[in-house]
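Spelled out from the first residue to the last, the chains are:
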Amino acid sequence: MAEVVAPIDVTHTSEWTALRDHHERLQTREFSLKQCFSTDPQRVRKLSFDLGELHIDLSKNLVTDETVKLLVALGRAVGIEPRRDAMFSGAHINTTEDRAVLHTALRRPASDAGALIVDGQDCVADVHEVLDRMYAFANDVRSGVWKGVTGRAITDVVSIGIGGSDLGPVMVYEALGALPRAVRVHYVSNIDPNDMSEKVKGLDPETTLVVVVSKTFTTLETMTNAREVRTWLLGGLTSQGAIDGGDESVAKAIASHFVAVSTNLKLVEEFGIDPQNAFGFWSWVGGRYSVDAAVGLSVILAYGPEVFDELLAGFHEVDTYFCETPLEQNVVALMGLMNVWYANFWGAESHAVLPYNQYLHRFPAYLQQLTMESNGKSTRWDGTAVTTKTGEIFWGEAGTNGQHSFYQLIHQGTHLIPADFIAFANTANPNRDGEQDVHELLLANFLAQTKALAFGKTAEEVRAEGTAEWMVPARVFEGNRPTTSIFGDELNAHALGMLVALYEHITFVEGTVWGIDSFDQWGVELGKQLAKQITPAFHDDEALSAQDESTRALIAFYRKVRR
């Protein structure tokens, strides 16, 4: 185990004290976004940034020039830049697992081979060796060269994974839905048998390929679902007369209809999958950071290598920007620091992500794992207790749906909820409602919400509309609700890669300030261990007696009503 250097206790820095005092002064003089805009005609210019094709406006956040200056100073005090450089170079910044953190190597170009040697491994060369194999396989499936056991081409893919092995691929698959797909992909993650039953309903086993995504090939949910779909597929092929059910025909069917994303070739082979059809990734890639690794195989099957290359290029553009741009102008770092500002100084406990694009409807769910599994920690990277609140509860919904459900809480509730609004100027589906451009109607809502949240509506304005006095308070919007606007050209693979990398590095910045290891996830282990202990208790009295009273009572109810 490498020597672990203790993180800086951010609360004991002069920069933290300065921010705390600054926050108190802002509250004392009743900080007003409306006033900030009226007194500083350069505010929008100073707080707007172009990150590739993404235009990011931070001007509606609860910050002044001094706030930004103090946040940047805090970032330097905790060493964001040297820790960033250590991550990109392959230092073992994942301390509890003694691992490098190199998801950024997944999107480096092949020309960088030889430039990143970590623990004796040419990371970039290894990445592109797997990429080339995936691309060749995907091309065979997409062109019909790869066929099922009866000689028919593949039309549908069932992708089985959970956590990062599912949330990333399904989010990208949905986000790129405007593009033509060579195959349809059906994602199964939940161990609930309802999930599998619904996903395979109507599929033809003869034209279905199954991708099993599990690095260790031991993940309980994934392997249970893999065995379940194997039973479905072999049963279907047998009933259709495609195979005779003998060992040889079964082995041939599995080899023709199953591939794996895994590094455990022994278990892959025992399952019946040819190890040549297994695509691996590395210990230095965490699951929630792996959609641009072999975990993204289903995306390549659907959209092709060229689209996946564009996705990787978008990731890499943000990586380069984050590394090369000084903190003062680095919108990635500033967004992370502003999240700390809200969580630790303004008392915000959650963060809304609101994409005004239906194709991004799974993006908030993807970010939930990325951010909360990364920074939901109460221990710092050296094992000591944290000294601040850490993590944010990320949530959201595609607009305008959210406007008719939870926006009320953001506008007039008692919680301060910073919100990121995401939209694109161009749409793949430019429909009209008579003379009205429907996409412009969507964008009008995108712009109106951030305006209303920032500037609100005064009691005087409400009274001027003729509202009865007793009703005036209910119609007042206090404003000063912080938002960030992310406005892109169009939602394509490159822009999507940029969006994901943006939030990856925002998460890193927050973790660095808080002194936590953003790349382990020990908090998910205990439940897995207990599930293995509880499973026998459904039918074994001795196992049942070892459970706590509440668990025993719940299992007793199960035994009583289970049919």
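Quick caveat, the model's predicted, so the values are computed rather than measured.

Draft legend 1. Here's a closer look at the overall build of the protein. Broken down by element type, the protein carries 23 helices and 15 strands. By principal-axis analysis of the C-alpha atoms, the protein measures approximately 80 × 65 × 60 Å. Across the 563 residues in the protein, those meeting the buried criterion constitute 52%. For the protein, long-range pairs separated by at least 24 residues make up 75% of all intrachain contacts whose partners lie at least 6 apart in sequence. Put simply, the protein shows about 24,400 Å² of open surface, and 52% of that area lies on carbon and sulfur atoms. Taking the average location of the 46 positive side-chain charges in the protein and that of its 74 negative ones, the two points are 5 Å from each other.

Draft legend 2. Fine view of the packing of aromatic side chains. Tallied over the full model, the rule gives 23 aromatic pairs. Taken together, a centroid distance of 5.2 Å and an interplanar angle of 55° make the contact between Phe446 and Phe487 tilted. You can see Phe446 sitting in helix H17 (residues 438-455) and its partner Phe487 sitting in strand E15 (residues 483-490), a full 41 residues away along the chain. The partly exposed category is assigned to Phe487, whose relative accessible area is 25%.

Draft legend 3. Looking closely at the pairing of strand E8 (residues 258-261). Side chains Phe258 and Ala260 project from E8 onto one buried face, and the interleaved Val259 and Val261 project onto a second face that is buried too. Pairing analysis gives four bridges linking strand E7 (residues 208-213) to E8, with the strands arranged parallel. Bridge pairing in E8 links Val211 to Val259. Relative to strand E9 (residues 278-279), E8 runs parallel, the two being bridged by two bridges. Paired with Val261 across the strands is Phe279, a residue of E9. Since E8 and E9 lie parallel, the crossover through helix H11 (residues 265-271) that links them has a hand, and here it is right-handed.

Draft legend 4. Focus on the sheet that holds strand E5 (residues 156-160). Strand order in the open sheet formed by five strands is E6-E5-E7-E8-E9, and the pairing between neighbours is parallel. With partners counted over all chains shown, the strands left at the sheet margins are strand E6 (184-188) and E9, one partner each. Summarising the sheet, E5 and E7 pair through five bridges and their orientation is parallel. When the bridges of E7 are listed, Val158 appears paired with Val210. On the sheet, helix H8 (residues 193-200) packs against E5 and E6 and is oriented at approximately 170° with respect to E6. Sitting on the sheet, helix H10 (residues 247-257) touches E7 and E8, and the angle it makes with E8 is about 50°.

Calculation criteria
- By convention here, each chain's residues receive numbers from 1 onward along its written sequence.
- Given that this is a predicted model, residues contribute local features only at a pLDDT of at least 70 and side-chain atom pairs are listed and counted only at 80 or more, while totals for whole chains, interfaces and linings are drawn from all residues.
- Values reported for side chains reflect all heavy atoms of the structure, with hydrogen atoms and water molecules removed beforehand.
- Starting at the N terminus, helices and strands are each numbered in turn, a helix being any DSSP run of H or I of at least four residues and a strand any DSSP run of E of at least two.
- Classification of residues uses two cut-offs on accessible area relative to the type maximum, computed with a 1.4 Å probe and protein chains only: under 20% is buried, over 50% is exposed, and between them is partly exposed.
- By definition, residues are in contact when any of their heavy atoms lie within 4.5 Å.
- Shrake-Rupley sampling with a 1.4 Å probe provides the accessible areas, and residues are treated as covered by the protein chains on show and by no other component.
- In summary, the charge assignment counts Lys and Arg as positive and Asp and Glu as negative, without counting His or the chain termini.
- Note that the charge is assigned to NZ on lysines, CZ on arginines, CG on aspartates and CD on glutamates.
- The rule is short: rings of Phe, Tyr and Trp, with Trp giving its six-membered ring, pair when the centres are within 6.5 Å, and they are stacked under 30 degrees, edge-to-face over 60, tilted in between.
- Note: two strands are recorded as paired if DSSP finds a minimum of 2 bridges between them.
- For a crossover, the right-handed case is the one in which the path from the first strand over the helix to the second runs clockwise, viewed with the strands pointing away from the viewer.
- In this analysis an axis means a line fitted to C-alpha atoms, helices contributing only their contacting stretch, and an angle means the value between N-to-C directions, from 0 to 180 degrees.

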